[in-house]
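Listed below, chain by chain, are the residues.
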Amino acid sequence: MAAPSDRMGLLFLTLLTVCCTDAVDRSNFKTCDQSAFCKRQRDVKPGPSPYRALLETMQLSDSRLTLQLINDNNKVRLLLELYRLQGNMTRVKINELKPLKPRYEVPDVLIKDPPTEPLSVIDRDENGVVLSLGADEQRVIISARPFRLDVVEGAKVLLSLNSRGLLVFERLRPRKDTISHKITSTVGSMWDKIKSVFSSSSETDPEENPDAVAQNVPEQVEAADEVQEEDQPGMWDETFKSHADTKPNGPSSISLDFSFPDVAHVYGIPEHADSLKLKSTEGGDPYRLYNLDVFQYELYNPMALYGAVPVLLSHTADRTMGLFWLNAAETWVDIGTSSVTQGDSEVPETNVRWISESGIIDVFIMLGPRPTDVFSQYASLTGTQAFPPLSALAYHQCRWNYNDQEDVKEVDAGFDEHDIPYDFIWLDIEHTDGKRYFTWDPNKFSQPREMLQNLKDKRRKMVTIVDPHIKVDSGYKIHNEIRSKDFYIKNKDGGDYEGWCWPGNAGYPDFTNPEMRTWWASKFAYDQYEGSMDNLYTWNDMNEPSVFNGPEVTMHKDALHGPWEHRDVHNLYGFYVQMATAEGQIQRSGGVERPFVLTRAFFAGSQRYGAVWTGDNAAEWGHLKMSIPMCLSLGLVGISFCGADVGGFFKSPSEELLVRWYQAGAYQPFFRAHAHLDTPRREPWLFGPDNTALIREAVRQRYTLLPYWYQLFYNAYRTGQPVMRPLWVEYPENVATFAIEDEFLLGKDLLVHPVTDERSQGVTAYLPGEAELWYDVHTFKKHNGNQNLYIPVTMSSIPVFQRGGSIISRKDRMRRSSACMEDDPYTLYVALNAQGTAEGELYIDDGHSFNFDKQRQFIHRRLTFAEGALTSSNLSPDSSFSTASWVEKVVFMGVSSPNAATLKTQDGTESALEFDFDANAELLTLRKPGVNAGADWTIHLR
């Protein structure tokens, strides 16, 4: 969103000025220097660490090592826990040994307690300890003075912790103006108690037995022996602009550095509108992870955006590794590059420093070694991408806002009139009764069921927005129920927290409360969400949470979620909103139907609940270009279902930009057009017949590929592998791919290089793979891999290549929606590699229910071509499903002309097939094999 449609007082007029400027007002958002804990931590420079490991405190069980660390400057002790996890992972936790009160540990993000494997000590002396991690000579070396942890493989150091001495753990402590009185009082009363204990026993006088006394001294008195550090600005309270942040728990930030020897490329930590490869932050701000509502964000900027996934990947030609920093507080990530001497040569090194405002250090080290291994390792921790309904992978038409039911009807009819398929039409905030979610405007949308039924009759669907800010209105049922159940977040004084958002004064439900989430989910029931039907789905916006009159347009950090401050849980809020909404959609169907929920804010694990988009972008070429690395970064950290507002949310695109954006969006996982309230209408047919035809063709290309998209998402659900991938994921040893971000792979078999420059006459695509062949999907022309290929382009061009050695299934008949194509036949595109072979998969289920999982009702086929035979075989013999779809055509690329083509079905029947052969294109087309898509069969070329 960007500006209110009804002007609600001076505040909203001020907000309107802020929201609708040409770019984000950076002064609304903190820099590291303006964030007290970030500045304090960054003021600590690399050097010898004050921490040492107390080896005499080490305890080792089968899978867990514990060890105390002491800070020699302030005498505070920490507890280090080390776990060896299944799947080639290591977990490191660091917390205060005896915190004044519990520190927040992130719940619900991990799908289970990670299973462990045995740890064993293989060497130990006064300087440190060496532990075995099992296979491949992997070891953990803990050095005692100063404390340092190295993960090694043979003689090679893979990763080092605290090698730069930047472990900083601000302990919880009472304020100085209370500590002296408290300790004096405690010591006095405890001394009397100790003397009383000794006087009633046969022990000697306590003055003569200090060891016995020590056993009876409480933690508060022990704390008196710690060196009291000087307070620094921002430790106990902080002000940003007019907003005060009280900090009753005082300083609580944490920091730890990680060094990657021989690494020059790191990726991840979305969401940022920046390059795919992370840049050095030396001399500038760190990358910030703090979910914020940023209007019309700038490009190539490390400032925080709507979502935060604290996962970073390192990659070299030899190894890929990952770090998962499990912390939901505001976090800054510094990236530094340097070189170190190894023998006679200089090798690169990347240093990464994580800084979080509160919580504990809880980091998962994923040791790969291949990219696919890291994806599997991370998926084992936080889960895989939710498997969406097939329709959700089709085209979505959205605007803030379609005016009324008649407007919806006319737009829907426009798609039919212009023969453009679509599956979902969306309604933004204006469809509600005064921004009261779960309601409909009684004048503009008075018959929602009738509207939904009209769409359902065409096998189409709708999405409505349901935001997590609730209008404070005694006449609003949702508000009254939340208040009566005491489910609102509290302010620091214990009252309900209120802030300004679209409805005006709003309360914010506490989604960290499981009871609140259960109640929220119940509101999506058909008898609760009046006017809803089974073809209505949900969009969660503004869930960072957005608070127009809050600090940085979000919630005050000293707001309370039960015993925890908002500062502890901030980045989890959107995660929980989407979780509860998805659960509500599942429950309304009795657990039968898969949900579809789009969210703007997200965290690690959000992939389990639906889709995300890149927020309030602009109709500019740079934003089109940036949509690629932004979605690639999300895919690397588990969130495959990503897209950007086609056309740009703010401003008005030129005709050329709009067409190019449709062409790019058709090949990104989430495909939705969206526009701001104040922009001219931009339905696909409003820009003249030529542009309509170009947009129609782009959308149709999306629909023909729906079987492939669906297969990729099924595999992502099963394995955690990303749908949209950087080239280096499939070509990890090819250094030329490491920084490419203007093209990408869908799965491993389609390479896409969208046209993202104005008035482009051509693009240069890198085709990877020394021995690969790549086929232009439009012309079927064959190209060798390992080259930069210049491709002349016109306005109709969408450069896409199919990898030699692959088989891709398409549906080439076009209908008004994906559901209408359910029983349509398949065309198989077989692209041969240099060895004359190819393989692929075909996945089919009902497209919408959980029956594929709960009852194993699906078809999963392996398609292979070798030695002149194309074969379909069953990949899942224990599953069952029937389909009316059949194979109507097979297109072979890179073949010689056969003398004959015959089909052999599973009952042994053989029949001749008609075919056409284009010798110039090496293209063979077999027509009407007529076999069921779920059956066993073989086609022989002789």
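Residues numbered from 1 in each chain as written. Predicted model: local features only at pLDDT ≥ 70, side-chain atom pairs only at ≥ 80, totals over all residues. Heavy atoms only, no water.

1. Remarks on the pairing of strand E45 (residues 838-844)
Where burial is concerned, most of E45 is hidden: five out of the seven residues are buried. Where strand E43 (residues 806-810) lies against E45, two bridges are found, and the strand directions are parallel. Paired with Ile807 across the bridge in E45 is Gly840. Alignment of E45 against strand E46 (residues 859-866), held across seven bridges, turns out to be antiparallel. In the strand pairing of E46, Leu842 is matched with Arg861. (Buried < 20%, exposed > 50% of the residue type's maximum accessible area, 1.4 Å probe, protein only. Helix = DSSP H or I, 4+ residues; strand = E, 2+ residues; numbered from the N terminus. Pairing = 2+ DSSP bridges.)

2. Concerning the sheet that holds strand E50 (residues 910-912)
Within the open sheet, the 11 strands sit side by side as E50-E49-E53-E47-E46-E45-E43-E44-E48-E52-E51. Their pairing is mixed. Every interior strand has two partners, whereas the edge strands, E50 and strand E51 (914-918), have only one. Adjacent strand axes in the sheet meet at a mean angle of 20 degrees when their direction is disregarded. Where strand E49 (residues 901-905) and E50 come together, three bridges link them in antiparallel fashion. Residue pairing for E50: Leu903 is matched across the bridge by Ser911. Against the sheet, helix H16 (residues 706-719) makes contact with E43, strand E44 (826-831), E45 and E46, and its axis sits at roughly 85 degrees relative to E45, the strand it touches most. (Axes fitted to C-alpha atoms, helices over the stretch in contact; angles between N-to-C directions. Contact = heavy atoms within 4.5 Å.)

3. Quick look at the packing of helix H14 (residues 655-665) against helix H15 (residues 689-704)
The geometry of H14 relative to H15 is characterised by a closest axis approach of 8 Å and an angle of 10 degrees between their N-to-C directions. The orientation of H14 relative to H15 falls into the category roughly parallel. Within the contact between the two elements, H14 uses Glu655, Leu658, Val659, Tyr662, Gln663 and Gly665 and H15 uses Asn691, Leu694, Ile695, Ala698, Val699 and Arg702. (Parallel < 35°, antiparallel > 145°, perpendicular 65-115°, else oblique.)

4. Description of the state of the cysteines
Under the counting rule described, the total for this entry stands at two disulfides. Between Cys32 and Cys38 runs a disulfide, and the two sulfur atoms are separated by 2.0 Å. Note on the Cys32 and Cys38 pair: the S-S dihedral is about -100 degrees, so by sign convention the disulfide is left-handed. Per residue, the accessibility class of Cys32 equals that of Cys38, and both read buried. (Disulfide = S-S within 2.5 Å.)

5. Brief notes about the pattern of salt bridges
Inspection of every chain in the model, using the stated rule, returns 65 salt bridges. Notably, a salt bridge pairs Glu772 with Arg803, separated by 4.0 Å at the nearest N-O pair. Of the two residues, Glu772 is situated in the loop between strand E38 (762-767) and strand E39 (773-776) and Arg803 in strand E42 (residues 800-803); the sequence distance between them amounts to 31 residues. Residue Glu772 is classed as buried on the basis of its relative accessible area, which comes to 16%. Taking relative accessible area as the criterion, Arg803 reaches 12% and is therefore assigned buried. One salt-bridge network, held together by shared partners, links Asp245, Arg288, Glu330, Glu357, Glu552, Lys557, Glu565 and Arg567. (Salt bridge = Lys/Arg side-chain N within 4 Å of Asp/Glu carboxyl O.)

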